[in-house]
Amino acid sequence: MVDFGFGLVPSSRINLDLFDKGKYEELAALEPDVRICMACGSCTAVCTAGKFEPTSLREAIEDIKNARADKALQMLEPCQLCGKCSMVCPRGINTRHLILSINKIYSEK
Amino acid sequence: MTPLSYLLAAQAEVPEVIDRIPSGFSYFVIPFTVGVAFMFCWLGVGLIRLLADIPKEDRIKFGKSLFIPKVALKNIKELFCDCLFHVKIWQRKPLLGYMHSAIAFGWFMIIILGHIEVALFVPARLNVTRGGLFYPIFYRYFVWMNPGHTTLRGSFFFFLMDFFLLYILSGIALAIFKRFRSIVLGMRHTTKPSFADRVALYSLWMIFPLRLLAESFTADLSGGSFLTIPVNQFWHFLFGDKLWFMPCWWAYSICLGLFFAAMPFSRYMHILTEVLWILLRNAGVKPNHPRKGVAEAEIYACSSCGLCLDACPMNVQKKNLKYSSVYFIRFLRRHNEKKINAIADKCLMCDKCHALCPVGVDAPALRRAQRATVNNTMPYNYAYLDASGSVQPSEPGRVHSRFAAAENGLSPESAPADSTQPCHANPGVLYFAGCMTHLTPRIIKSVEKVFKAAGVEYAFADREGGICCGRPLMLAGRTDAAAKVIEANKQMIEASGCKTLVLSCPICYKIFKEEYHLEGINVVHYTQFINELIAAGRLDVKKTDEKIVYHDPCELGRGCGVYLEPRAALSQVGTLVKASKEYDESICCGGSLGSLTLDTHDRAKISQASLQALLSGNPETIVTACPLCLKTFSEAVSRGENLEQHVKVKDFAEAICP
Ligand code: SF4
Ligand code: SF4
Ligand code: SF4
Ligand code: SF4
């Protein structure tokens with residue numbers, strides 16, 4: 001079964017009070033494409049790393065918007081930057097640069 | 001021609017040349033001497049620092065290489081061809097080549113001849129303590145020709161000096177012209193000079209006209225030839241006996257001094273650094289940092305000639321000119337970290353600027369090193385790759401298909417179509433499709449069709465999808481992460497026991513060839529493999545009159561030097577037509593994974609430019625041998641912007657076995 005990145009997670013509580021607007025704007029300045037993701041999940045469907053470990057750019061973007069940047073980073077750790085996601089993204093998002101940028105912005109403590 | 005015996009006999013009793021000024025000094029030499037001394041000190045310190053930055057093994061390797069006859073010969077050849085004659089520029093833009101070689105070779109000859117003259121006529125002055133630093137440069141000022149005693153040997157030198165001066169002046173005239181009308185010399189874009197560049201540039205323009213003035217004013221004292229004598233007579237005609245030679249010598253010396261003082265901070269630094277870069281390059285030492293050590297020699301060897309501006313596919317849009325290699329290198333020199341990163345991330349890594357650079361500056365490799373300084377430390381978690389040793393799927397239902405081939409050994413997937421055809425000619429063929437090919441399954445279909453038709457027994461390494469080859473990580477500067485992926489793939493391939501590895505993606509091909517070091521396994525791109533099948537008569541192809549244009553994918557052509565095999569095979573199935581830019585000048589399709597920040601809009605512009613070049617010969621079909629190009633061109637053609645004719649886009653294997 002291919003994991004499309006949809007599905008129920010054990011706890012779906014979202015605490016938007018924790019959302020770091022400043023960092024999100026920093027990310028959007030570095031890679032504006034983050035704003036245009038429509039959460040279709042195409043990227044996750046083709047993901048090379050996703051065959052082995054749960055890896056999903058869609059989920060990572062959602063996690064960031066839901067103030068769970070730690071989960072987003074974890075979600076992208078297995079990524080091999082292969083670029084398949086950028087080839088299928090219907091919004092033409094520069095996914096590889098987005099992944100690198102998320103790492104850059106959110107892994108700074 | 002002057003007979004040699006006559007030359008020798010000319011050693012007359014009466015001195016031909018008289019050291020006119022006993023002290024061998026005049027105040028006007030000061031600007032030049034200061035400038036040149038400053039330059040030498042600066043360079044000396046720089047050289048020591050540079051060598052200190054190179055790892056010890058590389059330093060030893062470099063030192064040894066200078067004494068290996070083969071390398072030494074190559075060094076000498078390249079020093080002459082590249083530094084003095086600028087052969088590579090000649091080959092592309094003859095007029096530009098003439099300009100560069102006129103200035104470089106002409107100046108070199110004037111300096112050499114000046115020293116020879118001093119050595120022949122006033123040898124004592126070569127001594128540094130007696131003016132050796134400036135005397136040969138201002139020789140004509142310091143000497144007086146003994147009238148009536150000028151020998152043929154002397155005249156011969158006068159002639160040569162005037163000849164080379166004229167030669168340089170013609171080059172300078174072209175250079176001045178080029179500043180204002182670059183297109184005449186075949187360049188659409190030229191570089192914007194920096195401040196130090198301007199100082200050096202304008203003084204360079206002035207140096208030789210001033211030299212002509214200065215020498216012509218003294219020509220009746222110290223001799224001259226076809227250029228300086230007539231000019232001297234003209235001055236006499238204009239000014240009578242009041243000749244302005246002191247101001248001219250002063251101006252000449254000041255310009256020289258300014259030029260040498262500005263040199264270390266300007267593009268003209270390349271004149272000297274190129275020598276070091278050629279020696280380092282031929283010694284085989286590679287830069288391991290974008291700016292230090294070998295890279296420093298490399299970036300200072302760039303002459304800012306600007307040939308990479310026209311080469312770069314990003315420059316179909318003027319706004320992208322600032323991302324060209326020449327500016328990347330300029331900002332590396334200036335340590336402008338922010339701009340360096342922005343430029344490093346933008347590039348498509350198509351390698352065209354490297355292929356066309358007359359100095360051989362590998363800017364894409366420097367960009368990769370620069371990206372590594374930022375991206376290499378990013379966290380990654382490839383624990384799932386380590387599980388590969390045990391070849392155990394991590395959970396049921398998730399197929400680790402990349403190990404399928406290794407697990408089963410080489411189980412042939414297709415029996416030979418024709419059993420009379422023996423297939424031991426290709427024992428143990430393993431086909432690795434790669435991520436990108438899996439997104440364009442038409443390629444896989446055609447490749448399998450070809451294999452079947454030719455009766456090739458093969459195993460499919462990643463039928464259900466495998467892992468990435470590591471090249472995209474490498475291009476993003478994540479070298480350590482790439483090494484992990486490479487290791488995992490390598491284990492899989494070695495375990496399969498294959499003898500030949502066939503790849504349909506040039507991106508994979510490049511890294512498999514360069515970084516995998518697969519002992520005893522022949523790594524080939526499918527264009528090469530299929531071409532061999534055709535040549536060996538194992539694959540029957542039908543010649544049609546379809547007009548085909550072949551697109552050289554960056555990683556395959558410039559990246560791996562595969563240009564001829566695909567063309568040889570395609571010419572068996574159709575008529576090849578030319579593209580306006582092909583082989584190492586081919587334009588990136590715009591889909592390259594190399595660029596990290598180029599957006600879809602900019603990429604589409606590049607695709608269009610690339611398509612236009614391909615369509616110049618009115619082909620019916622564009623054939624490419626890369627899944628990324630295939631997808632990019634297919635989309636660009638279906639968008640149909642600015643396309644008059646309708647073309648099909650096909651993959652190489654599709655074209656061979658329709
Ligand atoms: S680049 Fe990363 S996230 Fe995108 S498909 Fe490849 S492995 Fe998955
Ligand atoms: S494919 Fe593109 S639009 Fe769809 S979820 Fe992934 S990033 Fe977002
Ligand atoms: S990188 Fe090469 S082509 Fe570009 S300006 Fe420098 S020397 Fe010229
Ligand atoms: S590698 Fe290609 S895209 Fe990058 S600067 Fe050179 S020519 Fe331009």
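Residues numbered from 1 in each chain as written. Chains lettered and ligands numbered in written order. Predicted model: local features only at pLDDT ≥ 70, side-chain atom pairs only at ≥ 80, totals over all residues. Heavy atoms only, no water.

Draft legend 1. Highlighting the sheet that holds strand E6 (residues 522–525) of chain B. Residue and element names in this part refer to chain B. Across the sheet, which stays open at both edges, the four strands sit in the order E4-E3-E5-E6 with parallel pairing between neighbours. Here the strands that pair on one side only, and so sit at the sheet edges, are strand E4 (458–460) and E6. Going from strand to strand, the sheet's axes swing by 25° on average, the running direction of each strand aside. One ladder, built from four bridges, connects strand E5 (residues 500–503) with E6; its direction is parallel. Counted as the bridge partner of Thr 500 is Asn 522 from E6. Where helix H23 (residues 441–454) meets the sheet, its contacts fall on strand E3 (429–432), E4 and E5, and the angle it forms with E4 comes to roughly 160°. Of the strands in this sheet, E3, E5 and E6 touch helix H26 (residues 506–515), which is tilted by about 155° from E6. (Pairing = 2+ DSSP bridges. Helix = DSSP H or I, 4+ residues; strand = E, 2+ residues; numbered from the N terminus. Axes fitted to C-alpha atoms, helices over the stretch in contact; angles between N-to-C directions. Contact = heavy atoms within 4.5 Å.)

Draft legend 2. Structural context of the interface of chain B and chain A. Taken residue by residue, the interface counts 37 residues in chain B and 28 residues in chain A. Interface of chain B and chain A: buried area, both sides summed, is about 2,800 Å²; carbon and sulfur atoms make up 59% of it. The interface formed by chain B and chain A includes zero salt bridges. Linking chain B to chain A there are 10 residue pairs in polar contact (both at pLDDT 80 or more). Of all the elements in the fold, those that place two or more residues in the side of chain B that touches chain A are helix H19 (363–375), helix H20 (383–386), helix H22 (435–439), helix H24 (471–475) and helix H31 (627–639) of chain B. Grouping the constituent residues of the side of chain B that touches chain A by class yields 20 nonpolar, 11 polar and six charged. (Buried area = accessible area lost by both parts, 1.4 Å probe. Salt bridge = Lys/Arg side-chain N within 4 Å of Asp/Glu carboxyl O. Polar contact = N/O pair within 3.5 Å; in protein donor to acceptor, adjacent residues only side chain to side chain. Nonpolar A, V, L, I, M, F, W, Y, C, P; charged D, E, K, R; others polar.)

Draft legend 3. Structural view of the nonpolar core. Residue and element names in this part refer to chain B. Counting residues in each nonpolar core, the largest one holds 121 residues, and the members touching the most others are Leu 501 and Phe 512. Examining the composition of this core, we find that seven residues originate from one element, helix H25 (residues 479–496), more than from any other. Counting the residues that make up this core, at least three belong to each of domain 3 (387–404 + 415–535) and domain 4 (547–656). With sequence-adjacent residues up to four places away left out, Phe 512 is seen in contact with Phe 432, Cys 469, Ile 493, Leu 501, Leu 503, His 517, Leu 518 and Val 523. Core analysis: the next-biggest nonpolar cluster, separate from the first, contains 72 residues, Met 39, Leu 43, Leu 84 and Phe 138 among them. (Core = buried A, V, L, I, M, F, W, Y, C linked by side-chain atoms within 4.5 Å. Buried < 20%, exposed > 50% of the residue type's maximum accessible area, 1.4 Å probe, protein only. Domains from an automatic or database assignment.)

Draft legend 4. Region of the structure containing the sheet that holds strand E8 (residues 575–577) of chain B. Residues and elements named next belong to chain B. Strand order in the open sheet formed by four strands is E8-E7-E9-E10, with parallel pairing between adjacent strands. One side of each edge strand has no neighbouring strand; the edge strands of this open sheet are E8 and strand E10 (648–651). The average angle at which neighbouring strand axes cross in this sheet is 40°, direction not considered. As paired strands, strand E7 (residues 547–550) and E8 are joined by three bridges and run parallel to one another. Looking at E8, one finds that Lys 547 is bridged to Thr 575.

Draft legend 5. Structural context of the site of ligand 2. Lining the immediate environment of ligand 2, one finds Cys37(A), Met38(A), Ala39(A), Cys40(A), Gly41(A), Ser42(A), Cys43(A), Arg58(A), Cys89(A), Pro90(A), Arg91(A) and Ile93(A). When its residues are assigned to classes, the shell around ligand 2 shows eight nonpolar, two polar and two charged. (Near = heavy atom within 4 Å.)

Draft legend 6. Structural view of the layout of surface pockets. Residues and elements named next belong to chain B. Of the voids in this model, the largest pocket is the one considered here, and its volume is about 1,100 Å³. Lining of the largest pocket is provided by 46 residues; of these, Ala 104, Trp 107, Phe 108, Ile 111 and Ile 271 occupy positions nearest its centre. Going through the elements one at a time, helix H2 (29–53), helix H4 (69–84), helix H6 (94–121), helix H8 (152–180), helix H9 (195–217), helix H12 (245–262) and helix H13 (270–283) are the ones with two or more residues in the lining of the largest pocket. No other element matches the 11 residues that H6 contributes to the lining of the largest pocket. Across the lining of the largest pocket, the residue classes tally to 34 nonpolar, seven polar and five charged. (1 Å grid on protein atoms, 1.4 Å probe; cavity = no way out; pocket = protein on both sides within 12 Å on 5 of 7 lines; lining within 4 Å. Points joined across faces, edges and corners; volume = space filled by probe spheres on them.)

Draft legend 7. Molecular detail of the packing of H13(B) against helix H14 (residues 294–301) of chain B. Residues and elements named next belong to chain B. Where H13 meets H14, the axes come as close as 8 Å, and the angle between the chain directions of the two elements is 135°. The angle between the axes of H13 and H14 places the two elements in the oblique class. Note that H13 runs across H14; the crossing there is left-handed. Mapping the contact onto sequence places His 270, Thr 273, Glu 274, Leu 276, Trp 277 and Leu 280 in H13 and Val 294, Ala 297, Glu 298, Tyr 300 and Ala 301 in H14. Taken together, the residues that form the contact of H13 with H14 break down as seven nonpolar, two polar and two charged. (Parallel < 35°, antiparallel > 145°, perpendicular 65-115°, else oblique. Left-handed = near helix turned anticlockwise from the far one by under 90°.)

Draft legend 8. Representation of the domain arrangement of chain B in the model. Residues and elements named next belong to chain B. Under the domain assignment used here, chain B contains domain 1 (5–16 + 27–271), domain 2 (306–374), domain 3 (387–404 + 415–535) and domain 4 (547–656). Contact residues are listed per partner, giving 18 residues for domain 1 and 14 residues for domain 2. Interface area for domain 1 against domain 2, summed over the two sides, is near 1,200 Å², with a carbon-plus-sulfur share of 55%. Contact with domain 2 buries surface across domain 1, with Arg 92, His 189 and Thr 191 losing the most and accounting together for 41% of the total. Taken together, the links from domain 1 to domain 2 amount to one salt bridge. By residue number, the principal contributor to the side of domain 1 that touches domain 2 is helix H5 (residues 87–92), which donates three residues. When grouped by side-chain class, the residues that make up the side of domain 1 that touches domain 2 number four nonpolar, six polar and eight charged.

Draft legend 9. Spatial organisation of empty space enclosed by the protein. All names here are of chain B. Tallying each qualifying case throughout the model produces 11 cavities of 30 Å³ or more. Computed from the structure, the largest cavity encloses a volume of approximately 160 Å³. The wall of the largest cavity is formed by 19 residues, among which Ile 507, Cys 554, Glu 555, Ser 592 and Leu 593 lie closest to the centre. Elements that contribute at least two residues to the lining of the largest cavity include exactly H26 and H31. In terms of residue class, the lining of the largest cavity is built from 14 nonpolar, four polar and one charged.

Draft legend 10. Quick look at a nonpolar patch on the surface. All names here are of chain B. Judged by side-chain polarity, Phe 25, Tyr 27, Ile 30, Val 34, Trp 250, Ile 254 and Leu 258 come together as a nonpolar surface patch covering roughly 660 Å² of accessible area. Mapped by element, the contributors of at least two residues to the nonpolar patch are H2 and H12. Ranked by residue count, the leading element in the nonpolar patch is H12, at three residues. Using a relative accessible area of 33% as the deciding quantity, one classes Trp 250 as partly exposed. (Patch = residues over 30% accessible without salt bridge, like charges linked within 9 Å, V, L, I, M, F, W, Y side chains within 5 Å. Areas by Shrake-Rupley, 256 points an atom, 1.4 Å probe, with all protein chains shown as cover.)

Draft legend 11. How the structure looks around the side chain of Asp82(B). With respect to the helices and strands, the residue Asp82(B) is situated in helix H4. Excluding residues that lie within four positions of it along the chain, Asp82(B) makes contacts with Lys88(B), Glu274(B), Ile278(B), Arg281(B) and Pro358(B).

Draft legend 12. Structural detail: the packing of aromatic side chains. Residue and element names in this part refer to chain B. One pass over the full model with this rule turns up 51 aromatic pairs over all chains. Relative to Phe 260, the ring of Phe 259 has its centre 5.5 Å away and its plane inclined at 75°; by these criteria the two rings are edge-to-face. Among the residues examined, Phe 259 registers a relative accessible area of 1% and is labelled buried. The ring of Tyr 141 is capped by Arg 20, whose NZ or CZ atom sits 5.0 Å from the centre of that ring. (Phe/Tyr/Trp six-rings, centres within 6.5 Å; stacked < 30°, edge-to-face > 60°. Lys NZ or Arg CZ within 6 Å of the ring centre and 35° of its normal.)

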